[in-house]
Amino acid sequence: MTMSFNPRSDESEKGAYAHLEQSLVAPDEELQATTAIPMIEVVAPATLSEGYKFEAQLGDKTYQVIVPPGGIEAGQKFGSYAF
């Protein structure tokens, strides 16, 4: 047995949505800007425990990176926020 639900069977599909009195999208002045923090891929210089902090260099910039949960092994690649 197939059942269908159509509470406004007497209205056209377009007319069924005409009763909305306000937009569901916030006006631009209410939207908050966010700032993305870039991520970099790092190769572990040694086997390190989670939470360990060290400096990594990318080009001429130096970043402080934090070892992710579970730790890493020497040579393993992992992603870190670029602080």
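Residues numbered from 1 in each chain as written. Predicted model: local features only at pLDDT ≥ 70, side-chain atom pairs only at ≥ 80, totals over all residues. Heavy atoms only, no water.

## A short note on the overall build of the chain
Rule in force here: Only DSSP runs of H or I reaching four residues or more are called helices, and only runs of E reaching two or more are called strands; each is numbered from the N terminus. Here, two residues are considered to be in contact whenever any of their heavy atoms come within 4.5 Å of each other. What sets the accessible areas is the Shrake-Rupley method with a 1.4 Å probe; for residues, cover comes only from the shown protein chains.
In terms of helices and strands, the chain carries 0 helices and 4 strands. Beginning at the N terminus, the succession of helices and strands in the chain can be written as β-β-β-β. Considering only intrachain contacts with a sequence separation of at least 6, the fraction spanning at least 24 residues in the chain is 44%. A total of about 7500 Å² of accessible surface is found on the chain, and carbon and sulfur atoms cover 51% of it.

## A word on the nonpolar core
Stated precisely, the cut-off is as follows: Note on terminology: a nonpolar core comprises buried Ala, Val, Leu, Ile, Met, Phe, Trp, Tyr and Cys residues joined through side-chain atoms within 4.5 Å. Burial classification: accessible surface area is computed with a 1.4 Å probe over protein chains only, and a residue below 20% of its type maximum counts as buried, one above 50% as exposed, and the rest as partly exposed.
Listed in full, the 12 residues of the largest apolar core are Ile40, Val42, Ala44, Leu48, Phe54, Ala56, Tyr63, Val65, Val67, Ile72, Phe78 and Ala82. Elements represented by at least two residues in this core include exactly strand S1 (39-43), strand S2 (53-58) and strand S3 (61-66). The contacts of Ala82, once residues within four sequence positions are left out, are Ile37, Pro38, Met39, Ile40 and Tyr63.

## Structural notes on the pairing of S3
Filter applied, for reference: Each pair of strands is called paired provided DSSP finds at least two bridges between the two strands.
By the bridge criterion, 6 bridges tie S2 to S3 in an arrangement that is antiparallel. Bridging across to S3, Leu58 finds its partner in Lys61. Hairpin connection from S2 to S3: 2 residues lie between these consecutive antiparallel strands, with Gly59 at a positive phi of about 65°.

## Some details on the environment of Pro69
Note on placement: Pro69 falls in the loop between S3 and strand S4 (77-81). Given a relative accessible area of 71%, Pro69 falls into the exposed group. C-alpha separation for the pair Pro69 and Gly51, spaced 18 residues apart in sequence, amounts to 7.0 Å.

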